[in-house]
Amino acid sequence: TGSYEKTDREKGILALYRGRCYHMMGIYPNAVLSYEKAEKSGVVSEPVRLFMASCYGKNGNIRQALEIYSSFLDSDSIYAGVIRTATGHMYLNMGDTENAAKWFHEAVERHENYAEALGGLALTYAMLGKYEESEKYFCEAVLNRISNADDFIKHYKELRTAAELSD
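Let me sum up the structure you'll find in this document. What you see is a predicted model; the values in this text were computed from it and never measured.

Let us now look at the pattern of salt bridges. Applying the stated criterion to the full structure yields 8 salt bridges. One salt bridge in this structure joins Glu5 and Lys11, with 3.6 Å as the shortest N-O distance. For Arg110, the salt bridge goes to Glu106, with nearest N and O atoms at 3.5 Å. Of this pair, Arg110 and Glu106 both sit in helix H6 (residues 97-110), 4 residues apart, which is roughly one turn of the helix. The partly exposed category is assigned to Arg110, whose relative accessible area is 48%.

Once that is clear, we can look at H6. An α-helical turn contains 3.6 residues, so any two residues separated by three or four positions project in the same direction. A rise of 1.5 Å per residue sets the reference length of H6, with its 14 residues, at 20 Å; its end C-alpha atoms lie 20 Å apart and thus fit the reference within 8%. Contacts made by the buried residues of H6 are with helix H4 (62-73), helix H5 (80-93) and helix H7 (114-127).

What follows is about the layout of surface pockets. Put simply, the largest pocket is a space of about 1,000 Å³. What lines the largest pocket is a set of 31 residues, and nearest its centre among them are Ser54, Lys58, Thr85, Ala86 and His89. Of all the secondary-structure elements, those providing two or more residues to the lining of the largest pocket are helix H3 (46-58), H4, H5, H7 and helix H9 (149-166). Of all the elements, H5 adds the most residues to the lining of the largest pocket, at 7 residues. Looking at side-chain class alone, the lining of the largest pocket contains 16 nonpolar, 12 polar and 3 charged residues.

Bringing the nonpolar core into the picture now. Leu121, Ala122, Leu123, Tyr137, Phe152 and Tyr156 are the most contacted members of the largest nonpolar core, which totals 22 residues. Those elements that place two or more of their residues in this core are H5, H6, H7, helix H8 (131-143) and H9. Broken down by element, this core gets its largest block of residues, 8 residues, from H7. Core analysis: the second largest hydrophobic core is formed by 20 residues, Leu16, Tyr35, Tyr56 and Tyr69 among them.

What counts and what doesn't
- Residues numbered from 1 in each chain as written.
- Predicted model: local features only at pLDDT ≥ 70, side-chain atom pairs only at ≥ 80, totals over all residues.
- Heavy atoms only, no water.
- Salt bridge = Lys/Arg side-chain N within 4 Å of Asp/Glu carboxyl O.
- Helix = DSSP H or I, 4+ residues; strand = E, 2+ residues; numbered from the N terminus.
- Buried < 20%, exposed > 50% of the residue type's maximum accessible area, 1.4 Å probe, protein only.
- Expected span 1.5 Å × (residues − 1).
- Contact = heavy atoms within 4.5 Å.
- 1 Å grid on protein atoms, 1.4 Å probe; cavity = no way out; pocket = protein on both sides within 12 Å on 5 of 7 lines; lining within 4 Å.
- Points joined across faces, edges and corners; volume = space filled by probe spheres on them.
- Nonpolar A, V, L, I, M, F, W, Y, C, P; charged D, E, K, R; others polar.
- Core = buried A, V, L, I, M, F, W, Y, C linked by side-chain atoms within 4.5 Å.

Written out as structure tokens, the structure reads:
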């Protein structure tokens with residue numbers, strides 16, 4: 001049997017799939033390397049760039065993640081709402097509640113990725129100790145069918161308990 005040499009495009013697609021696997025397993029440094037390899041092989045699309053930005057953020061490379069996100073916000077991308085909430089969550093994970101709230105509020109005002117933005121506000125206000133506002137956004141997020149509601153509810157309760165204990 002002869003060997004089959006893959007084209008650059010085929011290598012790029014394989015790198016993309018490998019990146020998705022690493023991404024879903026939470027192995028973000030490997031995912032980034034695979035996504036970058038896919039991009040260098042010519043497999044470039046908005047979702048691939050968003051996957052890269054997500055992994056950069058998870059790796060703590062906030063500047064690079066925000067650079068990619070802002071390039072989408074400067075255009076009329078269909079992903080703008082998801083990017084606003086992803087940016088809010090990135091700031092929230094860094095403990096920057098002021099910037100997180102800004103991004104979540106903007107998404108809510110635009111009615112983009114609505115339930116996720118409401119959930120982000122619930123978490124942000126819980127961290128700030130503004131429990132009445134936090135509870136309001138929590139209920140709205142659940143009523144608007146936030147994705148992974150069980151995980152969100154568990155996370156919210158844990159965060160709220162920790163915030164109340166630190167008061």
